[in-house]
Amino acid sequence: MADGPREGAVIAGGLISWAARQHRGLPSVVLGSQTLSHWDVETRSNRMAHALIALGLKPGERLAVLLENSLESVDSVFGAEKAALTFVALNARHTLAEHLDILEDSQASAVLLGPQFASLAEGLTQACGTRLPDLHRVLAQGFTATNCIDIDAACAAAGTTPPGLQVGHEHVVRIAYTSGTTGKPKGVAYTVERWMARLNNHFLAMEYSLGVDDAMLHVGPLTHAAGVYLFPCFLRGARNIVQDRFEPTALLQAIAVHRITHLMLVPTMMSRLVDTLEKGVACDLSSLRRIHYGTAPTAVSLIRRAQAIFGPILRQQYGMTEAVQPLTVLYPHEHVGDSADGTDDPIGSCGRPTCNVQIVLRAADGNPVAAGEIGEITIAHQGIGKVQLWRRPQAMAEAVRDGWFYTGDLGRFDRQGFLHIVGRNKDMIISGGFNVYAREVEDALGSHPGVREVAVLGLPDAEWGEIVAAAVVLQVGSTVAHEALMDHCQTRIAGYKKPRRLLLLPELPRNHAGKVIKDRLRPLFIDAL
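Below you will find a few notes about this structure. This is a predicted model, so every value here is computed, not measured.

1. Quick word on the sheet that holds strand β26 (residues 451-461)
And then number 1: If you trace the three strands from one edge of the open sheet to the other, you get β26-β27-β28, paired in mixed fashion. The two strands at the open ends of the sheet, each matched to only one other strand, are β26 and β28 (501-504). Strand after strand, the sheet turns through a mean of 20° between neighbouring axes, direction not considered.
And then number 2: As defined by bridge partners, β26 adjoins strand β27 (residues 465-474) across 10 bridges and the pair is classed as antiparallel. Within the sheet, the bridge partner assigned to L459 lies in β27 and is I467.
And then number 3: Strands β26, β27 and β28 of the sheet are contacted by helix α14 (residues 482-490), whose axis makes an angle of about 130° with β28.

As structure tokens, this is what we get:
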């Protein structure tokens, strides 16, 4: 191993090894009956790194990984970093065709499959060298298949010391792909410099302690959003308790058994968990100190229901694939306000910008909007905001202009400096010459106690240009009528913002990342005529 990094370079995965030396025998990752110490994670990831290097993978090449939550998923993330490879996470819910699109775009040299995805091995090996000229290796973990490399055997024969490879700050650590609600996913490159800016921003935004007495429960994929918290917990010596999927009862049991202090939930998970607890399920929540939530808009009504159960421990973060959270934070003590939909209260916002993030709201001409007005959220192109799109020069030129990254999200700052998200640029509806923002209509409908979730969109109309349409999912057992929902809106939003069309559905269509796909709702309104 080299004595130290050359000027302008760092040891690939050096922070992982540092944390392992700091916390050595302390438990780090718990999955079912299996527990790994920090030192176990270190040696296993070193084996993975050496195995990948021995297979001929060179620094900077892309390693795509398709694994369920497992000990091996931790090995792959940390091992790829130590081998100076670029990690590309594949989504477990995607089809083979979708995987091929990302493998082609990322120019991956190797793909690592877990046993749940053994059926994809043949299709991927057939694509090697043909549709995917850069893909030369399909690595099998937990199964064997023709023309696949047994990565378990390769790791068993590999060394346990850190490879000690050096990389520059411009080295791409990972490529994260957007969920693609309006087209094919785009790759977002994270360099060493930007990855360190992310960590710095994460820790600077923390108002809570995090140490060896803490335990974080992960129910989302470790290779995706849940992994945002895995590494900070590893660095601080906290335990990472991993479940392979979200199930409310199992989650509540894990909180009690492992004395969980931190939990991250997406809104759909929070909704199902609150539903379960409101039914009177007995559980011990006394250890919980923070529930982190975000990744999608969360109805104020749901936030208040969660507060009534958990108390003042909710913490919202705003971020995106292009710029990982937290760009803003709504701290527990800021979850206040009495308005029904949170329009003018902190509880209806996503918080205020973190100290290393500069946000300006801009009009269509690029100029900043006046205080209190709605504009597109732009982020200074520096630090975590220094967005780099992978092999998309045209999209990059459109997204980054004059030193600012244009997110496509629309928002407004209230008088206290809290940022309220009102929707996406593409979600703005122009009806009779007036701008209607989908989020404000969704909030108005969502504040009705009989409503579970809402999606609002614009439909073409010969007279008005567009009309407001709302797809509504009711709470279980609710029988609220269309007229009652319209009356509810009447007292909360202007008449021109009220839905002209309203459709009751059993559920909203979502993509693999759990985000609502509004384009799939339009045909439903047409069919309902």
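2. Thoughts on the sheet that holds strand β18 (residues 352-353)
And then number 1: Taking strand neighbours across the sheet as the criterion, the nine strands line up as β3-β2-β13-β12-β14-β15-β16-β17-β18 in an open arrangement whose pairing is mixed. The open sheet has two free edges, formed respectively by β3 (34-37) and β18, since each of these has just one partner strand.
And then number 2: Across two bridges, strand β12 (residues 215-218) lies against strand β14 (residues 262-265) in parallel orientation. If you follow L217 over to β14, its bridge partner there is L263.
And then number 3: Contacts from helix α9 (residues 248-258) reach β2 (27-31), β12, β13 (239-242) and β14 within the one sheet, and its direction differs from that of β12 by about 165°.
And then number 4: Running over the sheet, helix α10 (residues 267-278) touches β14 and β15 (290-294) and is turned about 110° from β14.

3. Things to note about unusual backbone geometry
And then number 1: Look at the link from Q325 to P326: it is a cis peptide, with omega at 5°.
And then number 2: Position of P326 relative to the elements: it lies in the loop between β16 (314-318) and β17 (328-330).

4. Describing the packing of α10 against helix α11 (residues 300-310)
And then number 1: Where α10 meets α11, the closest approach of the two axes is 10 Å, and the angle between their N-to-C directions is 50°. In terms of orientation, α10 and α11 fall into the oblique class. Where α10 crosses over α11, the handedness of that crossing is left-handed. Along the contact surface, α10 presents P267, M270, S271, L273, V274, D275, L277 and E278, while α11 presents L302, R305, A306, I309 and F310.
And then number 2: Looking at the contact of α10 with α11, its residues break down into nine nonpolar, one polar and three charged.

Rules behind the numbers
Residues numbered from 1 in each chain as written. Predicted model: local features only at pLDDT ≥ 70, side-chain atom pairs only at ≥ 80, totals over all residues. Heavy atoms only, no water. Pairing = 2+ DSSP bridges. Helix = DSSP H or I, 4+ residues; strand = E, 2+ residues; numbered from the N terminus. Axes fitted to C-alpha atoms, helices over the stretch in contact; angles between N-to-C directions. Contact = heavy atoms within 4.5 Å. Parallel < 35°, antiparallel > 145°, perpendicular 65-115°, else oblique. Left-handed = near helix turned anticlockwise from the far one by under 90°. Nonpolar A, V, L, I, M, F, W, Y, C, P; charged D, E, K, R; others polar.

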